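Secondary and tertiary structure notes
One letter stands for each residue in the lines below.
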Amino acid sequence: PVISEFLASNQDGIEDEDGDSSDWIEIHNPRASSIDLGGGYLTDDAGNLTRWAFPMPTTLGPGSSIVVFASNKNRAVSGQELHTDFKLSASGEYLALVQSDGVTIQSQFAPEFPLQYPDISYGLRFNPSPQSDESYFAAPTPGAPNGTGGPCVQEVTSSPEFPSDQDDIIVTARILGATVPVANATLTSRVMYGFESSVSFADDGIAPDLVAGDELWTATIPASASTPGEMVRWKVLAQDSGNLMGLAPPHLTAESAEYFGTVIADPNVTSALSTIYWFVENPSQADSIFGTQCSLWHLGEFYDNQFCRRRGGSTAYYTKKSYKIDFNPGEKFRMFEEHGRMEEIN
């Protein structure tokens, strides 16, 4: 058995039986027969290999996994949810699975695992069984196979927040590679609904990148690419030395963002009211009950690949129609700063 995956900064992931978002450790049995973890140990201290013991029996079927919560609650009853007497440190520490003799190390991250990030797990790549290469996983899979992993693209930001026509857009992304290093990264941008254009990211400390080798990669979308009032969108593609890819936004379903984005300030738009910038490639489709995809920018936030359609029957023949915009799951809209987010607006 191996420690196949763990999450050291669980904020919005799975919850334990108490409803707490506790850290967790996944143990995987790659064998074709069942094993008993009972009497074995988990530890976060290389000087104390018998820190927390599995109850007997703790049977793990062939090719299956078990999740142990690293919650500091210390619960070890066979057949019930398991909790260690320690938590995991997101800043990095030792972690090991030890055999029942209390001496033989079965699986370990030594001398310590690297810095961890909120809701990003870490562990072994599967292809389809566990490999020796370690990886970050942007989509944790507690109790299920990890997949092949690849570079993890996080914390994609841009500046300025609301660029003028004279401003270059500086895009930064934290790209994590673990034991297989990141080889290269590409920023693909798109102005309005035109063709995509790509430039390389850099982590070399040469402006606009600030610090070489800090995992924060930087690229520039030139001001000349767009004009006032236009929508500018982008996505990040990273490749490691094993030719595995990482993409942000991940765009895993049709109901999810394909790009990050912003809007170039238009000096002709002057109003004391807050302004929603709404972009539709095919306005006639938006005017129908069948609808189409759209993108919006409001209060400094960009919402890509949302759904909009004409709303109601009485306004169908009006020049000024009523519309409904449905937002993707997990991408609720902030209409007003002082109110909660909304799943749809009319």
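Scroll up for the structure.
How each quantity is defined
- Residues numbered from 1 in each chain as written.
- Predicted model: local features only at pLDDT ≥ 70, side-chain atom pairs only at ≥ 80, totals over all residues.
- Heavy atoms only, no water.
- Helix = DSSP H or I, 4+ residues; strand = E, 2+ residues; numbered from the N terminus.
- Buried < 20%, exposed > 50% of the residue type's maximum accessible area, 1.4 Å probe, protein only.
- Contact = heavy atoms within 4.5 Å.
- Areas by Shrake-Rupley, 256 points an atom, 1.4 Å probe, with all protein chains shown as cover.
- Lys, Arg positive; Asp, Glu negative; His and termini not counted.
- Charge placed at Lys NZ, Arg CZ, Asp CG, Glu CD.
- Pairing = 2+ DSSP bridges.
- Axes fitted to C-alpha atoms, helices over the stretch in contact; angles between N-to-C directions.
- Salt bridge = Lys/Arg side-chain N within 4 Å of Asp/Glu carboxyl O.
- Phe/Tyr/Trp six-rings, centres within 6.5 Å; stacked < 30°, edge-to-face > 60°.
- Polar contact = N/O pair within 3.5 Å; in protein donor to acceptor, adjacent residues only side chain to side chain.

1. Remarks on the overall build of the protein
A count of helices and strands for the protein gives 1 helix and 24 strands. On the principal axes, the C-alpha backbone points of the protein span a range of 80 × 50 × 35 Å. Counting all 346 residues of the protein, 43% fall into the buried class. In the protein, 54% of the contacts between residues at least 6 apart in sequence involve partners at least 24 apart. For the protein, the accessible surface area stands at approximately 16,800 Å², while carbon and sulfur atoms represent 51% of it. Averaged over its 19 positive side-chain charges, the protein has a centre that lies 11 Å from the centre of its 46 negative ones.

2. Quick look at the sheet that holds strand β10 (residues 121-126)
Paired through backbone hydrogen bonds, the strands of a sheet run either parallel or antiparallel to each other. Taken in spatial order, the 5 strands make up an open sheet running β7-β2-β1-β10-β11, and their pairing is antiparallel. Each end of this open sheet is capped by a strand with a single partner; those strands are β7 (65-70) and β11 (130-137). Strand after strand, the sheet turns through a mean of 30° between neighbouring axes, direction not considered. Alignment of strand β2 (residues 23-28) against β7, held across 6 bridges, turns out to be antiparallel.

3. Side note on the pattern of salt bridges
When the charged atoms of two side chains lie near each other, side chains of opposite charge can form a pair. Considering all chains together, one arrives at 16 salt bridges under this definition. Here arginine 51 ties to aspartate 85 by a salt bridge, and the two come within 3.4 Å at their closest N and O atoms. Placement of the pair is arginine 51 in the loop between β4 (41-43) and β5 (52-53) and aspartate 85 in the loop between β7 and β8 (95-98), with a sequence separation of 34 residues. One salt bridge connects arginine 174 with glutamate 155, and the closest N-O pair in it is separated by 3.1 Å.

4. What to know about the packing of aromatic side chains
The description of two aromatic rings rests on the distance between their centres and on the angle between their planes. Applying the stated criterion to the full structure yields 14 aromatic pairs. Ring geometry for tryptophan 278 versus tyrosine 323: centroids 5.1 Å apart, planes at 80°, classification edge-to-face. Placement of tryptophan 278 in strand β20 (residues 277-280) and of tyrosine 323 in strand β23 (residues 323-326) is noted, with a sequence separation of 45 residues between them. Looking at tryptophan 278, the relative accessible area reads 33%, which means it is partly exposed. Each ring, one from tyrosine 303 and one from phenylalanine 327, has its centre 5.7 Å from the other, and the planes form 70°; the classification is edge-to-face. Here phenylalanine 327 lies in the loop between β23 and β24 (344-345) and tyrosine 303 lies in strand β22 (residues 301-310), a separation of 24 residues in the sequence. In this pair, the class of tyrosine 303 matches that of phenylalanine 327, namely buried.

5. Observations concerning the side chain of arginine 233
By secondary structure assignment, the location of arginine 233 is in strand β17 (residues 231-240). On the accessibility criterion, arginine 233 (5% relative accessible area) is buried. Side-chain polar atoms of arginine 233 contact the side chain of aspartate 304, separated by 2.9 Å. Among all residues touching arginine 233, those that are not within four sequence positions of it are Thr188, Ser189, Arg190, Met192, Tyr193, Tyr259, Phe260, Gly261, Ser295, Phe302 and Asp304.

6. Comments concerning the sheet that holds strand β16 (residues 216-221)
An order of β12-β13-β16 is seen for the 3 strands of this open sheet, with the pairing classed as antiparallel. Edge strands, defined here as strands with exactly one partner in the open sheet, are β12 (152-159) and β16. Across the sheet, the axes of successive neighbouring strands diverge by a mean angle of 20°, strand direction being ignored. Both strand β13 (residues 169-176) and β16 contribute to a ladder of 6 bridges, which runs antiparallel. Each residue of the ladder has a partner; that of arginine 174, found in β16, is leucine 216.

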